[in-house]
Amino acid sequence: PKTKTPERTVSRETKSAESTRSAGADGAPAVDATTKQRVKPVSLPKDDTHPVTVVVSGHVDAGKSTIVGYLLQRVANARVKGERSGSTSLAWLADSDPIERERGVTIGISVHHLTAPESNKKIVLIDSPGHRDFVPAMIAGASQASAALLIVDASPGEFEAGFSADGQTREHALLLRGLGMSRIVVAVNKMDVVEFDKSRFESISQSVTQFLKQAGFRDQTIFVPCAAVQGVNVVDSPADDHPLKQWYSGQSMLETLESLGQSAEDGGETLPTRFAVSDVSKGINFGAALMSGRVSKGCHDRGPVSEGCASNVVPSGLWTQVIQGSVAPGDRLLAQPLNEIVTVKAVESLFGRLSAAVPSSDLVSIGLLGELDPSQLFPGLVLSDPEHPVSCTDTFTAQVITMPSLSRPIIQGTPVICHTGGWAEAGVVTKLVRAIQRGRRSDGDHSGSAPRRLRLLAKNQSAEIQVTLRRGAIPLTVFAECKPLGRVVLRAKGKTLAAGVVTQTKPDDAP
């Protein structure tokens, strides 16, 4: 007999709100503020096993998809179709996109969830591309993660190439830090190529540790040696007679991911609802519109200025979670920046229909009633509680860290492409607020010594700047209030200029 899951009742009744709400920043008509998300209390599933969401990043060909594929094969019992073997078969499991599987190159992000066999710990892996042309997709994946697995290649010359000034190992690490990531695990892959040489592992660990400390990672970084193709130290520790066992006695990669624990940003079902939309399709029985976290291009394109989004890329199938709050059938939510009310018809996970979804639930999608035509909906929308709506702005202030590869200083008037969540919007740096000494705090707080006047922003600098978007307001919040909606990356001409977190969502001189 099935055991009934314990439940707790949460009421969505709130105090009376103002009768009207002013129009949004984009000039949309006002929405009646008396609209409530939920009239009747809904029983939310009680689940104390919050999953840890890990983005897998690193230089191209470091073995990211191979590692994810091996974990899927061993833990999730995934099987390869056709005549494939070695790293090709493992990467085929990780790449859910048909084009990626055909070409053998990861061009988008794909999500995989597994449950550790012994601890029953839920782990969500977001496999991201390593090629510099697809950095926007990596940004989209990292924006939804609470921890990172950075893969480096121990092969002679390969680590040095990825760790060079133009290598993606450095850029990905700086992007992770700039996006507010504080927990990172470094997997030194392909140790079999160097015959599990201890000195090679220690040399790589020392170089990466020094760089991460300079980048602002305060927490102690965990290094795990492994060989994904052979499956050494990925799921199980090596045998006693294995060369790696002679000098390494730490945890396997899976055990390390299990030990990450719950992030401070996980949970939050009692907070105002926030659901970020990354894919929209038309349903038959599920609702007039199906909205989920599936990222199709790594960013939302509202015009020709969006860079890094290949229109011929097939969706890579990422499902996301409710960011905060809860979503249940019958809820009325405000879709921003459309400033329109939509009604939830059904909520569904990968395993079936749900009575409600909370941040600790499995990755979900929701079906809507036919109040809006699906053509009016697009990735990048944020559904929120009408009484406590997500803010929309076209001007924001952010604390950023510039990249070491920055060739030209950032000055007032510098044009940028702002990547945040599912958006990629053209903007301009309208103000250099202040320089900030590289901080000693984590979670995106780069505050340090007293501010000084700033005329330009060079490479490897931390500063507070103001950015104005050119084509209207988008959903954006202060990082301290909602981390997934408060991370930004500034790029131009295919290169990353800076990454950071939002500190203010109105002009610096606004009242």
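This text follows the structure it describes.
For clarity, every value in this text was computed on a predicted model and none was experimentally measured.

Asks: Can you help me understand the sheet that holds strand 18 (residues 395-402) in this one?
Replies: In sheet architecture, strand pairing relies on hydrogen bonds along the backbone and comes in two forms, parallel and antiparallel. Strand order around the closed barrel formed by six strands is 18-21-20-19-23-24, with antiparallel pairing between neighbours. Across the sheet, the axes of successive neighbouring strands diverge by a mean angle of 45°, strand direction being ignored. Sheet topology places strand 19 (residues 415-420) next to strand 23 (residues 487-492); three bridges connect them, and they run antiparallel. Directly across from Cys-418, in strand 23, lies its bridge partner Leu-490. Its contacts with the sheet place helix 6 (residues 168-178) against strand 18, strand 23 and strand 24 (495-504), and it is angled at close to 10° to strand 24.

Asks: How do you make sense of helix 7 (residues 198-215) when you look at a structure like this?
Replies: Each α-helix winds once per 3.6 residues, and so residues spaced three or four apart point in a common direction. Along its 18 residues, helix 7 runs 26 Å from first to last C-alpha, staying within 8% of the 26 Å computed at 1.5 Å per residue. Those residues of helix 7 hidden inside the fold are in contact with strand 6 (147-153), helix 5 (158-162), helix 6, strand 7 (184-189), strand 8 (222-225) and strand 18. Positive backbone phi, at 110°, marks Gly-216, one or two positions downstream of helix 7.

Asks: Explanation requested: helix 1 (residues 64-75) in the structure shown.
Replies: The terminal C-alpha atoms of helix 1 lie 16 Å apart, and with 12 residues this matches the ideal 16 Å at 1.5 Å per residue to within 8%. Where burial is concerned, most of helix 1 is hidden: 10 out of the 12 residues are buried. Those residues of helix 1 not exposed but buried are Lys-64, Ser-65, Thr-66, Ile-67, Val-68, Gly-69, Tyr-70, Leu-71, Leu-72 and Val-75.

Asks: Explanation requested: the environment of Asp-153 in the structure shown.
Replies: Inspection of the secondary structure assignment puts Asp-153 in strand 6. Spatially, the C-alpha atom of Asp-153 lies 8.9 Å from that of Gly-58, the residues being 95 residues apart in sequence. For Asp-153, the residues in contact, after removing those within four places along its chain, are Asp-61, Ala-62, Glu-158, Phe-159, Asn-189, Lys-190 and Ile-204. In this structure the side chain of Asp-153 is engaged in a polar contact, spanning 2.8 Å, whose partner is the side chain of Ser-155. Within the local environment of Asp-153, its side chain forms a polar contact with the side chain of Lys-190, the two groups lying 3.3 Å apart.

Asks: How should the packing of aromatic side chains be read in this particular structure?
Replies: Each aromatic ring pair is specified by the distance between its two centres and by the angle formed by the two planes. One pass over the structure, following the stated rule, counts five aromatic pairs. With a centroid separation of 5.4 Å and an interplanar angle of 80°, the aromatic rings of Phe-163 and Phe-211 are classed as edge-to-face. Of this pair, Phe-163 sits in the loop between helix 5 and helix 6 while Phe-211 sits in helix 7, and the two are 48 residues apart along the sequence. Judged by its relative accessible area of 12%, Phe-163 is buried. Overall, the relative accessible area of 8% leaves Phe-211 in the buried class. Through a chain of ring-to-ring contacts, three or more aromatic side chains come together here, namely Phe-159, Phe-163 and Phe-211. Positioned above the aromatic ring of Phe-163, the side-chain terminus of Arg-170 is 4.4 Å from the ring centre. One residue, Arg-177, lies across the ring of Phe-217, its end atom 5.8 Å from the ring centre.

Asks: Explanation requested: the packing of helix 6 against helix 7 in the structure shown.
Replies: Describing two packed helices takes the angle between their axes plus the distance from one axis to the other. It is at 10 Å that the axes of helix 6 and helix 7 come closest, and there the two elements cross at 35°. Classified by chirality, the crossing of helix 7 by helix 6 is right-handed. The segment helix 6 lies against helix 7, with Arg-170, Ala-173, Leu-174 and Arg-177 engaging Phe-211, Leu-212 and Ala-215. Class assignment of the residues belonging to the contact of helix 6 with helix 7 gives a composition of five nonpolar, no polar and two charged.

Asks: What's the story with the sheet that holds strand 5 (residues 122-127) in this structure? I'm lost.
Replies: Taken in spatial order, the six strands of this open sheet run 4-5-3-6-7-8, and their pairing is mixed. Two strands close off the open sheet at either side, each with one partner strand: strand 4 (110-115) and strand 8. Taken pair by pair, the neighbouring strands of this sheet meet at an average axis angle of 25°, ignoring direction. Pairing of strand 3 (residues 52-58) with strand 5, which is carried by five bridges, proceeds in the parallel orientation. Its bridge partner lying in strand 5, Val-55 is registered against Ile-126.

Asks: Is there a simple way to think about the pairing of strand 20 (residues 423-436) in this case?
Replies: Working note: regular strand, side chains alternate between the two faces of the sheet. When you tally the buried positions in strand 20, you get 10 out of 14 residues, the bulk of the element. Hairpin geometry of strand 19 and strand 20 is characterised by an intervening segment of two residues between the two adjacent antiparallel strands and by a positive phi of about 60° at Gly-421. Here strand 20 pairs with strand 21 (residues 462-469) via eight bridges, running antiparallel. Bridge pairing links Val-429 to Val-467 in strand 21.

So, how was this worked out
Residues numbered from 1 in each chain as written. Predicted model: local features only at pLDDT ≥ 70, side-chain atom pairs only at ≥ 80, totals over all residues. Heavy atoms only, no water. Pairing = 2+ DSSP bridges. Helix = DSSP H or I, 4+ residues; strand = E, 2+ residues; numbered from the N terminus. Axes fitted to C-alpha atoms, helices over the stretch in contact; angles between N-to-C directions. Contact = heavy atoms within 4.5 Å. Expected span 1.5 Å × (residues − 1). Buried < 20%, exposed > 50% of the residue type's maximum accessible area, 1.4 Å probe, protein only. Polar contact = N/O pair within 3.5 Å; in protein donor to acceptor, adjacent residues only side chain to side chain. Phe/Tyr/Trp six-rings, centres within 6.5 Å; stacked < 30°, edge-to-face > 60°. Lys NZ or Arg CZ within 6 Å of the ring centre and 35° of its normal. Left-handed = near helix turned anticlockwise from the far one by under 90°. Nonpolar A, V, L, I, M, F, W, Y, C, P; charged D, E, K, R; others polar.

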